[in-house]
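Examination of the molecular architecture
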Amino acid sequence: MRIRSFLSVVILILASCSVAGGQEKMMTIHYPPDKTVMEFGLLNVALSVPEEFEGKIVISVNGLEEKEILNDRVMKCFSVYIEPGINEISIAAKDARHEVERQTFSVFRRSEFVSKFRKPPASFKREFFHVSKWDQCSGCHTMEPTEADKKPLRITGFSKDTTGEPASTCYSCHKAIQSYAYVHGPVSVWACLSCHESDAAPCYAVKKPEAQTCYTCHVEQQKEWTSKKFIHGPVNSGKCSICHNPHASDHPFFLSKHTWDLCVQCHVESGTGQHVLADVYSTKGHPTRDKPDPVRIGKELTCASCHDPHASDFPKLWAFGVENAFELCKKCHEK
Ligand code: HEC
Ligand code: HEC
Ligand code: HEC
Ligand code: HEC
Ligand code: HEC
Ligand code: HEC
Ligand code: HEC
Ligand code: HEC
């Protein structure tokens with residue numbers, strides 16, 4: 001067995017030497033190209049390895065081993081989690097004794113919150129998978145959306161479909177999109193095309209401003225928020241995904257971070273421990289986290305306990321629709 005695999009490696013190496021004598025790669029990374037840009041935490045990778053290769057493929061992200069796969073089919077397709085900033089993805093082919101080949105590429109994950117990650121470095125650019133025709137994939141995956149993908153979703157009467165494998169053609173490649181604690185309604189039922197348009201350019205682009213897309217279902221919120229005198233800066237920008245992951249996340253409301261961490265990214269001062277009370281009642285400041293919320297039973301006290309993250313008729317975006325700080329205190333303290 002060992003001899004056979006040794007031989008096959010020799011054959012592979014011989015077979016992969018081009019006529020000119022230059023070494024060709026054994027593995028082919030079909031997607032993504034080096035130096036692409038992503039928005040969220042998931043990356044799909046497609047790679048082919050000759051069937052003759054008897055060994056394993058080891059995938060590392062930023063130096064940490066992520067997964068190991070056997071060479072049991074020509075096309076290896078998998079997904080990995082990526083962090084904001086530059087991620088180095090390294091793919092190694094190993095036989096019983098040696099590393100036979102290693103290929104490395106980088107992806108940049110954008111982040112609104114870290115100034116140096118807001119724009120990609122000069123050599124990186126956004127690539128789009130779905131603008132090309134992929135004959136290499138269509139043998140095993142359905143590449144065009146079907147009627148099942150196009151069924152409209154209403155926010156009323158919405159129910160999670162938990163029976164069997166979804167009919168959506170997006171599922172076979174994008175199933176990891178649901179691998180978080182909180183999954184957004186339309187994503188949980190694979191209504192991907194309620195936000196991504198199959199006839200957009202580039203294919204599956206989301207209309208801008210994004211809020212318009214969100215409001216097609218969140219009609220109540222649109223009515224309420226847009227009628228208020230003060231709309232929170234980032235909400236007003238129309239980019240709901242500054243704070244919400246449109247697909248899923250490990251935080252309630254699919255927030256990209258815990259509420260407190262999210263708010264202090266932009267409002268650094270409010271997280272210093274001196275908020276609300278300092279100089280007035282004490283030097284300690286009012287707690288802003290790690291206490292139970294006395295009004296919203298079962299929830300933790302956070303910035304959203306006192307401020308509406310979206311809109312209000314009063315400055316400082318008071319929660320509960322109150323007019324001033326004094327009224328606000330009474331909501332939690334006068335009992
Ligand atoms: C030989 C058949 C075959 C070909 C060709 C193929 N795939 Fe796959 N792919 C599969 C199978 C089977 C799965 C499901 C694997 C599983 O459930 O673990 C899959 C899963 C995936 C996934 C999801 C992986 C994950 O773990 O989240 C992605 C992404 C993917 N394929 C992309 C592609 C792309 C892009 C191509 C073309 C470049 C392609 N595939 C070609 C068979 C194939
Ligand atoms: C053959 C596998 C495959 C199928 C089927 C598939 N996708 Fe993708 N998709 C990918 C890969 C690979 C990428 C690029 C890497 C990534 O986004 O992680 C991608 C990227 C995307 C993107 C980002 C923009 C782009 O073009 O790179 C969107 C949006 C998207 N897919 C939506 C969909 C929707 C909606 C469906 C179903 C109608 C679908 N995909 C079906 C493999 C697939
Ligand atoms: C509620 C609206 C919404 C739904 C539903 C939705 N998406 Fe998205 N998706 C977005 C937005 C917004 C973006 C960011 C687009 C941009 O940057 O231009 C995005 C981006 C993506 C990307 C690119 C990821 C990256 O890191 O760059 C992929 C892949 C994707 N969506 C796949 C899907 C799939 C598959 C489904 C169905 C399960 C789906 N989406 C459902 C709103 C949605
Ligand atoms: C196709 C309809 C649809 C679109 C478009 C849509 N949503 Fe939703 N959304 C739902 C449904 C249905 C629910 C309720 C199910 C659930 O809680 O997951 C929901 C729930 C939510 C919740 C949690 C509400 C709660 O009280 O728990 C948030 C946050 C949210 N959506 C944000 C967004 C954002 C941001 C966008 C735009 C990027 C968007 N939605 C676009 C259908 C939609
Ligand atoms: C500044 C960050 C931020 C932005 C931008 C933002 N949200 Fe939210 N959103 C939150 C937080 C925080 C919560 C959870 C509040 C709580 O704990 O009650 C939330 C809750 C929600 C909810 C569920 C509760 C409710 O009020 O109905 C929906 C739906 C929602 N957001 C939709 C949207 C949409 C649509 C947009 C874009 C127009 C948007 N959000 C923009 C931070 C934000
Ligand atoms: C992406 C950056 C960003 C994030 C994240 C963010 N904000 Fe803001 N916030 C702003 C901007 C910009 C303004 C408008 C400028 C101003 O009025 O000071 C603002 C204004 C405010 C105001 C009104 C200030 C005043 O003096 O009237 C409050 C209160 C506030 N934000 C609370 C929050 C809370 C609570 C969160 C978390 C749910 C949050 N913000 C998350 C950028 C952000
Ligand atoms: C217990 C209620 C409460 C909590 C919790 C709370 N705030 Fe405030 N916030 C207030 C009050 C009261 C003011 C007005 C202070 C003033 O006028 O001096 C305020 C003012 C603000 C302002 C306006 C600028 C300023 O400092 O006057 C911002 C921005 C803000 N808060 C953000 C946040 C963020 C971010 C968090 C979470 C880290 C948070 N708040 C948590 C009650 C609260
Ligand atoms: C959303 C509910 C809420 C609002 C609104 C609120 N508080 Fe509090 N407050 C709390 C909680 C929770 C604690 C912590 C109680 C504990 O330690 O068990 C607290 C503690 C305090 C304390 C004691 C501080 C300490 O160090 O122990 C004071 C004083 C106080 N609040 C004053 C105020 C004032 C003044 C306002 C209005 C500007 C206000 N609170 C608004 C929930 C609230």
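About the cut-offs
Residues numbered from 1 in each chain as written. Chains lettered and ligands numbered in written order. Predicted model: local features only at pLDDT ≥ 70, side-chain atom pairs only at ≥ 80, totals over all residues. Pairing = 2+ DSSP bridges. Helix = DSSP H or I, 4+ residues; strand = E, 2+ residues; numbered from the N terminus. Axes fitted to C-alpha atoms, helices over the stretch in contact; angles between N-to-C directions. Near = placed C-beta within 6 Å. Nonpolar A, V, L, I, M, F, W, Y, C, P; charged D, E, K, R; others polar. Domains from an automatic or database assignment.

**Describing the sheet that holds strand β2 (residues 36-38)**
If you trace the five strands from one edge of the open sheet to the other, you get β2-β8-β7-β4-β5, paired in mixed fashion. The sheet is open, and its two edges are formed by β2 and β5 (64-70), each paired on a single side. The sheet shows a mean angle of 30 degrees between the axes of neighbouring strands, taken without regard to direction. Pairing analysis gives three bridges linking β2 to strand β8 (residues 99-109), with the strands arranged parallel. Bridge pairing in β8 links Met38 to Arg109.

**Some thoughts on the site of ligand 2**
The immediate surroundings of ligand 2 are formed by 23 residues, with Asn44, Phe129, His130, Cys170 and Cys173 found nearest. Ranked by the residues each element gives to the shell around ligand 2, the list is headed by strand β3 (residues 42-48), at four residues. Considered class by class, the residues forming the shell around ligand 2 number 15 nonpolar, seven polar and one charged. Three or more residues apiece are contributed to the shell around ligand 2 by two domains, here domain 1 (27-127) and domain 2 (133-229).

**Brief notes about the site of ligand 4**
The full set close to ligand 4 counts 21 residues, and Gly185, Ser194, Cys214, Cys217 and Cys240 are the nearest of them. At the level of secondary structure, the elements contributing two or more residues to the shell around ligand 4 comprise α5 (185-188) and α6 (210-215). Within the shell around ligand 4, the residues separate by chemical class into twelve nonpolar, eight polar and one charged.

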